[in-house]
Amino acid sequence: MYKYRKYIGISILFFLLILVRFYEDELFYDPYLLFFKNDYLTLDSPRREVAKLVLSTTLRYVLNSLISIAVLYQFFKDKTIIKFSSYIYMSGYLVFMMLFLYFVLNPNQEDYYLFFNVRRFLIQPLILLLLLPAFYYNRLQR
């Protein structure tokens, strides 16, 4: 019974991550969504409201981070993993947001590909995809 609840909980949390992605157009302000769907290497940077963009990106990062930390907790039930993951997410936010702001305020076509990848870490739960197998491997080694 415990395993079923664990897997149902994990499934619900992954479904929440999918919902965040599915409703990104309605929930978040991001002029770069359409920009990066097109041939962005030949286009000029879109017009944007920087404060609104940063707040929206922050909200999305926080939402994805909280759900991702909940996924890690459901998988491992270990508070030290959650604490360490929280530090990783906070540090990641600081580093990626500084890079994100640099690219938003200084748009250069040469930097669009790097900007695309930095932005990905802020708007998608990629850190979860790195932490989950790392903690699992660590657990197997103990």
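The rules we used
Residues numbered from 1 in each chain as written. Predicted model: local features only at pLDDT ≥ 70, side-chain atom pairs only at ≥ 80, totals over all residues. Heavy atoms only, no water. Phe/Tyr/Trp six-rings, centres within 6.5 Å; stacked < 30°, edge-to-face > 60°. Buried < 20%, exposed > 50% of the residue type's maximum accessible area, 1.4 Å probe, protein only. Salt bridge = Lys/Arg side-chain N within 4 Å of Asp/Glu carboxyl O. Helix = DSSP H or I, 4+ residues; strand = E, 2+ residues; numbered from the N terminus.

Within the structure shown, the criterion is met by ten aromatic pairs. Taking 5.0 Å as the distance between ring centres and 90° as the angle between the ring planes, the aromatic pair formed by Phe22 and Tyr23 counts as edge-to-face. Here Phe22 falls in the exposed class, since its relative accessible area comes to 59%. Using a relative accessible area of 38% as the deciding quantity, one classes Tyr23 as partly exposed. Here the aromatic residues Phe75, Phe76, Phe84 and Phe135 are joined through ring pairs into a cluster of three or more.

Here the focus is the pattern of salt bridges. Applying the stated criterion across every chain, the model contains three salt bridges. A salt bridge links Arg60 to Glu24; its shortest N-O distance comes to 2.6 Å. With Arg60 in helix H4 (residues 50-76) and Glu24 in helix H2 (residues 24-27), the pair connects residues that are 36 residues apart, well separated along the chain. For Arg60, a relative accessible area of 2% puts it in the buried group. With a closest N to O distance of 3.7 Å, Asp78 and Arg139 form a salt bridge. One end of the pair, Asp78, is in the loop between H4 and helix H5 (79-105); the other, Arg139, is in helix H7 (residues 126-141), and 61 residues separate them in sequence. Among the ionic contacts, a cluster of salt bridges with common partners joins Arg21, Glu24 and Arg60.

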